[in-house]
Amino acid sequence: MTKSTIKFVQGNEACVEGALYAGIDFFAGYPITPSTEVAELLAARLPQKGGKFIQMEDEIASMCAIIGASLTGHKVMTATSGPGFSLKQEALGYACMAEIPCVVVNVQRGGPSTGNPTHVSQGDVNQARWGTHGDHSIITLTASNHQDVFAMTVDAFNLAETYRTPVILLFDEAVGHMREKLVVPEKGAIPLVDRLRTAVDKGVDYHPYLPREDGRLPMSDFGGDHRYNVTGLFHDMWGFPSNNPSVVNGLLHHLVDKIENNVQAITRYKEYFLEDAEYVLVSYGSSARSAIHLAKNRRARGDRVGVLELQSLWPFPEALIRDRCRGAKAVVVVEMNMGQVMRHVKAVVDEPERVFLANRIDGQLITPTDIKKLLRVIQGMGV
Amino acid sequence: MSVKDYLRERYFPHMWCPGCGHGTVLNSLLRAVEALGLNKNDIVMTSGIGCSARISGYVDFHSLHTIHGRALAFATGVKFSKPELKLLVPMGDGDALAIGGNHFIHAARRNIDMTAIVMNNRIYGMTGGQFSPLSGLDKKATTAPYLTIDNNFDVVELARAAGASFVARTTTYHALEAVDLLKRAIDHKGFSVVEILSQCPTHFGRKNKEGDATNMLELYKANTAKLGSKALKENPSLIARGIFVDETRPEYCEAYEEIIQRATGGKR
Ligand SMILES: Cc1ncc(C[n+]2csc(CCOP(=O)(O)OP(=O)(O)O)c2C)c(N)n1
Ligand code: SF4
């Protein structure tokens, strides 16, 4: 592609376009609504560029396969929804521990269990953070429209390489399935991060798990000159299992710090009318569309409502939220779950008693009217 | 090259108990690799979790020690993304056929080119002696204090039915035979399975009164016979050793090259 192209697509297709733009070479998956289109489209598109698509026997195998393929030096992704995301958790933790770049798409449906396969929900926010066992950190991005789905997908591949970590793309059924315009920018318009490979010569001891001064860990492809061990056990700088307390302590700190110390660099967000906002709506994904719509309507009537749209959920953008909510008469978190982000917002703002939840959990998209009703109560204007 | 050149001596002593059969499997495997003259950079060993799975740490190949039961799924990602690599996938019987049973039959069904080695000690060694899907009836295990009522899989029949194009069985008593079978399996294009009966004196032997490692090895000698042998004909209850399946069938990665040709209209 030399010029930008305009398309009319589903959100899942925008994700595929983003992955291809970012240079995906390998996808492994298992069908599940509402993410299946991602697999279907890549089954067609990947072989056209010499890439690989494989339908595995389940989501566990899919997660394992992309980790294996990442180790041979490829850009990899898998896509799923709730039940499949649950199945991926053990291998996702392995990717955290062994520091394997990979992208995991979860197009959320209602849960728990089989839940509501064809309806919208944002119930997996905390699972994305803590779904796999043990202390760890993880990057999770989200988006409310197709242009941002595209951009966040490209970003996810870039962040996975930069921090040698799995990155979760947490979309939702509404964004995944609705159709709208997408402009695929020309090649080079968005910078791409390639695999950082070691410069250590053949025959010289290479340490796959020794961070450089800037914290990054250069990799060496399986099949290359450096043979090393990769394990999900605590390990030393050669990748060999160790339960030496200082090795264990050091590795766990490294895994958490490499992400938590870079919150600012990882944080993605958008703001609408926040400069003088008395009422701050904090939202993300398809909920943010309704929040933005309402804010525009209220502004037209002189009501000082603004929106902070989060595009990265983990690591949690604490400082940003604290700053943008400071002095607000009320903060309303708009989401389609029982308050998964709201709880975290309450924990970080100066005045938690001013934080409210506008939510919907019935499988229907939260509407501007739903948010307005709550806002009117908060403003003392009756129900 | 000598066998020692394939070891990461830095990581010895190994973690296996004295008399454990898994070290013998390692020995046979390295001799097979040496005999084939394979380049260390071309080999990836992928393993799961278990005493058996620790084998990947001791070899000087690219090594991927993963999670319980999923070694073949990881190996599929490695192989499919870089088909020029040789994949060796040693697994314990629980690893391969309890938690990993689904991946085992599907890797066989795809006939993807890799060698699965089932280090079958009929017990969960690492977790301390619970029964496995290969223990069989009337065996004692920590989770079967009144003896097992679970039937066992037959690895050979399962692999054959699932579509593996090379299937063989031997024991750690027959270490030289194991070298030969492993050589043939590694050389085979497609999904190859070698089941190696490997003694766990610490748990299976002790619980089932099979004595020490030497005794258990003697039992492998006494209770098995070569395919096509007179001994097997006269006593069909013996466990057969040898090559059960050796067929040429389309391999998965090669078949995908065909897909790429179709998708690109033959332009690649
Ligand atoms: C998901 C999961 N379940 C359970 C375990 C615990 N576990 C570790 S090894 C093992 C069984 C090992 O037996 P086998 O695969 O036969 O190998 P062996 O140790 O006998 O060589 C089990 C159950 C685990 N590590 N992960
Ligand atoms: S417990 Fe059994 S399988 Fe494990 S190392 Fe000891 S003898 Fe081998």
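Here the residue numbers are simple positions, counted from 1 along each chain's written sequence. Chains and ligands are labelled by the order in which they are written, letters from A for the one and numbers from 1 for the other. In keeping with the predicted nature of the model, local features appear solely for residues at pLDDT of at least 70, side-chain atom pairs appear and are counted solely at 80 or more, and the whole-chain, interface and lining totals rest on all residues. Computation of side-chain values: all heavy atoms of the structure, hydrogens and water removed.

### Brief notes about the overall build of chain B
As a reminder, the rule being used: Under the DSSP-based scheme used, a helix requires at least four consecutive residues in state H or I and a strand at least two consecutive residues in state E, with every element numbered from the N terminus. Radius of gyration: C-alpha atoms only; globule rule: 2.2 Å multiplied by the number of residues to the exponent 0.38. Throughout this description, buried means an accessible area under 20% of the type-specific maximum (1.4 Å probe, protein chains only), exposed means over 50%, and partly exposed covers the range between. Note on areas: these come from Shrake-Rupley sampling with a 1.4 Å probe, and a residue is covered only by the protein chains present in the view. Counted as positive: Lys and Arg. Counted as negative: Asp and Glu. His and the chain ends are not counted at all. Working definition for charges: the position is that of NZ of Lys, CZ of Arg, CG of Asp or CD of Glu.
Regarding its fold elements, chain B presents 11 helices and 10 strands. Whereas a compact globule of 268 residues would reach a radius of gyration of roughly 18 Å, chain B reaches 18 Å, a difference of no more than 12%. For the C-alpha atoms alone, the extent of chain B along its principal axes is close to 65 × 45 × 35 Å. Within chain B, the fraction of its 268 residues that count as buried is 59%. Of the roughly 10900 Å² of accessible surface on chain B, a fraction of 53% belongs to carbon and sulfur atoms. Mean positive and mean negative side-chain charge positions of chain B (32 and 27 charges, respectively) differ by 2 Å.

### Comments concerning the site of ligand 2
Residues and elements named next belong to chain B. Here is the rule: Distances are taken per atom, and a residue is near a molecule or strand as soon as one of its heavy atoms is within 4 Å of it. Only Asp, Glu, Lys and Arg are considered charged, only Ala, Val, Leu, Ile, Met, Phe, Trp, Tyr, Cys and Pro nonpolar, and every remaining residue, Gly among them, polar.
Every residue lining ligand 2 is accounted for by Trp-16, Cys-17, Cys-20, His-22, Cys-51, Asn-121, Gly-125, Cys-200, Pro-201, Thr-202 and His-203. The greatest single-element share of the shell around ligand 2, amounting to three residues, is contributed by helix α8 (residues 201–207). Counted by class, the shell around ligand 2 contains six nonpolar, five polar and no charged residues.

### Remarks on the domain arrangement of chain A
All names here are of chain A. Applicable threshold: Note: domain ranges come from an automatic or database domain assignment. We call two residues in contact when some of their heavy atoms are within 4.5 Å. By convention in these notes, a salt bridge is any Lys or Arg side-chain nitrogen within 4 Å of a carboxyl oxygen on Asp or Glu. Polar contact criterion, stated in full: a pair of N or O atoms within 3.5 Å, where within protein one must be able to donate a hydrogen and the other to accept it, and residues adjacent in sequence count only if both atoms are side-chain atoms.
If you check the domain split of chain A, you get domain 1 (5–184) and domain 2 (271–378). Centre-to-centre, using C-alpha coordinates, domain 1 lies 26 Å away from domain 2. Taken together, the contact pairs 27 residues of domain 1 with 23 residues of domain 2. If you look at where domain 1 meets domain 2, you find one salt bridge. The salt bridge involving Glu-180 is made with Arg-289; its shortest N-O contact spans 2.9 Å. Counting the contacts that link domain 1 with domain 2 gives 17 residue pairs in polar contact (both at pLDDT 80 or more).

### So, the pairing of strand β4 (residues 76–80) of chain A
Most of β4 of chain A is tucked away, with five of its five residues classed as buried. Judged by which residues are buried, β4 of chain A turns out to be covered on both faces: Val-76, Thr-78 and Thr-80 of chain A on one side and Met-77 and Ala-79 of chain A on the other are all buried.

### With respect to unusual backbone geometry
In this structure, Pro-112 of chain A follows Gly-111 of chain A across a cis peptide bond, with omega equal to 5°. With respect to the element layout, Pro-112 of chain A can be found in the loop between β5 (102–108) and α6 (125–130). Omega for the bond connecting Trp-314 of chain A with Pro-315 of chain A falls within 30 degrees of zero, at -5°, which places this linkage in the cis form. Within the chain, Arg-122 of chain B stands out as a residue other than glycine whose phi angle is a positive 60°. For Arg-122 of chain B, the location among the structural elements is in the loop between β4 (114–120) and β5 (123–124).

### Some words on the side chain of Gln-10 of chain A
Mapped onto the secondary structure, Gln-10 of chain A falls in strand β1 (residues 5–10). Not counting residues up to four positions away in its chain, the partners in contact with Gln-10 of chain A are Glu-37, His-146, Gly-176, His-177, Met-178 and Arg-179 of chain A.

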